[in-house]
Amino acid sequence: MTLRGSGLPTVTLGSGESLLFGRSPHHALPDDDPGDALRVTAIDLPRCAPHVSRLLGELVVGDEIARLRWHGSGETQVSSLFDAPGGARRVTLAEGMSLLLDEGENMLVVMRGRQTGPDTYDDLSIVVDVATSTPAVPPRPRSADETGELDAAATAPAPQLPPRSREWYVALALAEPWLSGTDDYPRPPSNREIYERVLHWHGYAWNLERAQRVDDAIRVISALAFGPREDPFNAGRGRAQNVRFAIGRRTAEVRLVTVEDLDTVERAAAARKVPPAVS
């Protein structure tokens with residue numbers, strides 16, 4: 001695990017180590033067992049405002065987990081972006097609360113925690129990168145051997161939408177709020193927004209300017225994401241917008257489209273742009 005921030009030296013921790021951080025956290029270092037003192041370190045955060053607690057937080061690294069224990073009198077907001085259903089999360093910690101950190105980049109923000117002038121303050125941001133030292137998982141057995149015969153014990157691929165198909169692009173636009181993590185409370189995009197996103201990514205949007213064609217594609221996505229028994233279109237109840245919300249979230253959860261897919265189409269759209277002509 002690595003901790004870094006503006007004006008802060010990079011600190012790296014391994015399994016079994018802990019780090020105390022805050023305005024002046026050294027008073028909290030253990031002094032009973034020298035062995036414990038070697039496993040616990042403390043670091044002052046630069047330019048902390050005087051109202052920031054001397055001990056803000058404690059990072060504890062285990063063999064398979066990294067935990068943040070919050071000791072500050074004020075709250076902190078923790079946001080993370082990771083390869084998981086929903087793509088991101090944002091939570092608020094108060095004094096005495098703990099949180100298991102996600103693998104990847106976690107950002108801690110202490111509101112008005114950094115002093116920029118005699119009476120001016122800015123947010124204090126700290127980034128905690130969590131990486132695992134677990135060896136890579138060996139590849140799954142192939143579903144067919146070299147003779148072409150199927151291996152019944154091998155794991156088959158999950159049902160997916162045809163890549164780069166009309167329904168695949170609609171699924172990406174529908175799930176984008178959950179994949180991008182840009183909103184605490186994502187809302188499903190409208191038919192017009194879906195059409196415009198597909199046109200931006202692909203340069204061609206089939207016939208999605210017609211709202212009925214967008215609805216048809218969403219029904220296909222819903223049937224694949226939920227299956228026939230749980231398909232909300234078959235339930236016959238609930239508001240249409242609530243149904244679309246559930247389908248968008250489920251599409252991200254079962255990875256019909258992924259964060260990597262979203263990044264790929266955004267890059268493709270950026271590469272396709274032609275600079276304006278110089279008159």
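You'll find the structure just up there.
Summary of the structure given here.

When helices and strands are tallied, the protein shows seven helices and eleven strands. Counting the 279 residues in the protein, one finds 38% classified as buried. Contacts in the protein between residues far apart in sequence, at least 24 positions, make up 58% of those at least 6 positions apart. Surface summary for the protein: the accessible area is close to 16,600 Å², and the carbon and sulfur share equals 51%.

It is worth spelling out helix H2 (residues 166-180) at this point. Its 15 residues place the ends of H2 20 Å apart at the C-alpha level, agreeing with the 21 Å of an ideal helix rising 1.5 Å per residue. The first or second residue beyond H2 is glycine 181, which carries a positive phi of 65°.

Okay, the environment of proline 50 next. Checked against the element boundaries, proline 50 lands in the loop between strand S4 (40-44) and strand S5 (57-61). Among the residues examined, proline 50 registers a relative accessible area of 52% and is labelled exposed. Separated by 65 residues in the primary sequence, proline 50 and glutamine 115 place their C-alpha atoms 8.1 Å from one another.

All right, on to the environment of threonine 12 then. Along the chain, the position of threonine 12 falls in strand S2 (residues 8-12). Distance from threonine 12 to valine 130, taken between C-alpha atoms, is 9.9 Å for residues 118 residues apart in sequence. The residues contacting threonine 12, other than those within four sequence positions of it, are Met1, Thr2 and Glu17.

Two numbers describe how helix H3 (residues 191-202) lies on helix H7 (residues 259-272): the axes approach to 7 Å, and their chain directions differ by 65°. Each of Arg197, Leu199, His200, Trp201 and His202 in H3 lies in contact with H7, whose residues at this interface are Leu262, Val265, Glu266, Ala269 and Arg272. Taken together, the residues that form the contact of H3 with H7 break down as five nonpolar, two polar and three charged.

Here we come to the packing of aromatic side chains. The full count for this structure, using the stated rule, is five aromatic pairs. Measuring from centroid to centroid gives 5.9 Å for tyrosine 169 and tryptophan 206, while their planes differ by 45°, and the two rings are tilted. Residue tyrosine 169 is found in helix H2, and its partner tryptophan 206 is found in the loop between H3 and helix H4 (211-226); the two are separated by 37 residues along the sequence. Pairing tryptophan 178 with phenylalanine 245 gives two aromatic rings, centres 5.1 Å apart and planes at 80°, and the pair type is edge-to-face. Pair noted here: tryptophan 178 is in helix H2 and phenylalanine 245 is in helix H6 (residues 240-253), with a separation of 67 residues, a long-range link.

What counts and what doesn't
- Residues numbered from 1 in each chain as written.
- Predicted model: local features only at pLDDT ≥ 70, side-chain atom pairs only at ≥ 80, totals over all residues.
- Heavy atoms only, no water.
- Helix = DSSP H or I, 4+ residues; strand = E, 2+ residues; numbered from the N terminus.
- Buried < 20%, exposed > 50% of the residue type's maximum accessible area, 1.4 Å probe, protein only.
- Contact = heavy atoms within 4.5 Å.
- Areas by Shrake-Rupley, 256 points an atom, 1.4 Å probe, with all protein chains shown as cover.
- Expected span 1.5 Å × (residues − 1).
- Axes fitted to C-alpha atoms, helices over the stretch in contact; angles between N-to-C directions.
- Nonpolar A, V, L, I, M, F, W, Y, C, P; charged D, E, K, R; others polar.
- Phe/Tyr/Trp six-rings, centres within 6.5 Å; stacked < 30°, edge-to-face > 60°.

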